[in-house]
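Fold and geometry: a report
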Amino acid sequence: TDFINSSSLMDSLSRPELFDFHGVSMTRYFTDNWDNIQNFQARPDDILIATYPKAGNTWVSYILDLLYFDQTSPECQKSVPIYARVPVLEITFPSLQPGTDMVDNLLTSPRLIKTHLPVQFVPKSFWEQNCRIVYVARNGKDSVVSFFHQERMTMILPEPGDWSSYLQRFMEGKMVFGSWYDHVNNWWEKKQMYSNLHYMFYEDLVEDTGREIDKLCCFLGLSPSAQEKERLAGRVQFDNMKQDNVVNHSAFLGMDFKLSSFIRKGKVGDWKNHFTVAQSEEFDEDYKKKMKNPTLTFRNEI
């Protein structure tokens, strides 16, 4: 019942202001519960799914949820929305349990936990318990386009304004959860010293979902049958998820589905429908300055 789409709640939600939080732009909906987030007690079998916003977190959450629980609790798959099965650790939202409580109330093992936190904000118990972490990165141009549509429709995110000023803000890192560049780079650096981190790319997932599921299974030590994998790959195709009310967030309050859909296109290269040539060139110049690590490369098209 917590998730019923109530228009009164929509009306009571005010768009939050961004503020500087330990050097990262954040809003109160992700910092109000900070002590409980930082003191969160991870368990050794927890799996953290981490991404910058709009980089495939829901998609990978759904894949893992099916891999682990489709055989054992298929009824949940049909009735409980994905954001209740894989809660966002840092969210605090009117009329909802804080994310930390939602995770603590999960009865599954492993617990699947979603986060958009930059790596330096992840509760230290995840590292201490040597938890497995899946990080998904998406190219910057598609990320900013997807985030723009998400902010337009989501009342708990800041007012996006127009596209060109939004793009500037993205390049400056004035986004919820901070700079995209810092996010993808710092998680990439963490991977070099923390072996239980599987770093994957959205573009690879679009290009060959089955191959990426195989890699995930390898990382997680799972061995589904060929038949199970085939069935899974079918269920997590984009158009199927878009129609699936358990995955598409249609029951999530605080989103205006007249403006956009939560699962929108899932394409690689949709940025070409938004960027002007000049914007693309400016972005590329800026990108070269900020992406210092030659080992981390993105594909803007496949």
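The present account deals with the structure reproduced in this document. Everything quoted here is computed from the prediction, not taken from an experiment.

1. Remarks on the pairing of strand S3 (residues 47-51)
Successive residues of a regular strand alternate their side chains across the two faces of the sheet. Across the five residues of S3, five count as buried, placing the element largely inside the fold. Of the two faces of S3, the one holding Ile-47, Ile-49 and Thr-51 and the one holding Leu-48 and Ala-50 are both buried throughout. Where S3 lies against strand S4 (residues 112-115), four bridges are found, and the strand directions are parallel. Along S4, the bridge assignment pairs Ala-50 with Thr-115. Pairing between S3 and strand S5 (residues 132-137): five bridges, direction parallel. Residue pairing across strands places Ala-50 opposite Tyr-135, the latter belonging to S5.

2. Side note on the pattern of salt bridges
As enumerated under the stated definition, the model contains 15 salt bridges in all. Residues Asp-204 and Arg-299 are paired through a salt bridge, measuring 2.8 Å at the closest nitrogen-oxygen approach. Taken together, the positions of Asp-204 in helix H11 (residues 202-207) and Arg-299 in the segment after helix H15 (277-290) put the pair 95 residues apart, joining distant regions of the chain. Its relative accessible area of 30% is what places Arg-299 among the partly exposed residues. Connected through salt bridges with shared partners, the residues Asp-204, Glu-207, Arg-211, Glu-212, Lys-215 and Arg-299 form a single ionic network.

3. Observations concerning the nonpolar core
Grouped together as the largest cluster of nonpolar side chains are 59 residues, with contacts concentrated most on Phe-30, Phe-126, Tyr-135, Val-184, Trp-187, Tyr-199 and Phe-298. Filtering out sequence-adjacent residues up to four positions away, Val-184 remains in contact with Tyr-135, Ala-137, Tyr-199, Met-291, Leu-296 and Phe-298. Residues Leu-66, Ile-213, Ala-233 and Met-241 belong to the second largest nonpolar core, which totals 29 residues.

4. Focus: the packing of aromatic side chains
Within the structure shown, the criterion is met by 30 aromatic pairs. On the numbers, 6.4 Å between centres and 80° between planes, the contact of Tyr-52 with Phe-170 is edge-to-face. One end of the pair, Tyr-52, is in the loop between S3 and helix H3 (57-69); the other, Phe-170, is in helix H9 (residues 163-172), and 118 residues separate them in sequence. In this structure Tyr-52 comes out as buried when scored by relative accessible area, which is 1%. Sitting over the ring of Trp-271, Lys-141 keeps its end group 4.0 Å from the ring centre. A cation over a ring is seen here: Lys-191 above Trp-188, with NZ or CZ 5.7 Å from the ring centre.

5. Considerations on the packing of H9 against H15
For the pair H9 and H15, interaxial distance at closest approach is 11 Å and the crossing angle is 10°. Judged by the inter-axis angle, H9 sits roughly parallel to H15. Judged by residue contacts, Trp-163, Ser-164, Leu-167, Gln-168, Phe-170, Met-171 and Glu-172 of H9 engage Gln-279, Glu-282, Phe-283, Asp-286 and Lys-290 from H15. Tallied by class, the residues present in the contact of H9 with H15 amount to five nonpolar, three polar and four charged.

Definitions and limits used
Residues numbered from 1 in each chain as written. Predicted model: local features only at pLDDT ≥ 70, side-chain atom pairs only at ≥ 80, totals over all residues. Heavy atoms only, no water. Buried < 20%, exposed > 50% of the residue type's maximum accessible area, 1.4 Å probe, protein only. Helix = DSSP H or I, 4+ residues; strand = E, 2+ residues; numbered from the N terminus. Pairing = 2+ DSSP bridges. Salt bridge = Lys/Arg side-chain N within 4 Å of Asp/Glu carboxyl O. Core = buried A, V, L, I, M, F, W, Y, C linked by side-chain atoms within 4.5 Å. Contact = heavy atoms within 4.5 Å. Phe/Tyr/Trp six-rings, centres within 6.5 Å; stacked < 30°, edge-to-face > 60°. Lys NZ or Arg CZ within 6 Å of the ring centre and 35° of its normal. Axes fitted to C-alpha atoms, helices over the stretch in contact; angles between N-to-C directions. Parallel < 35°, antiparallel > 145°, perpendicular 65-115°, else oblique. Nonpolar A, V, L, I, M, F, W, Y, C, P; charged D, E, K, R; others polar.

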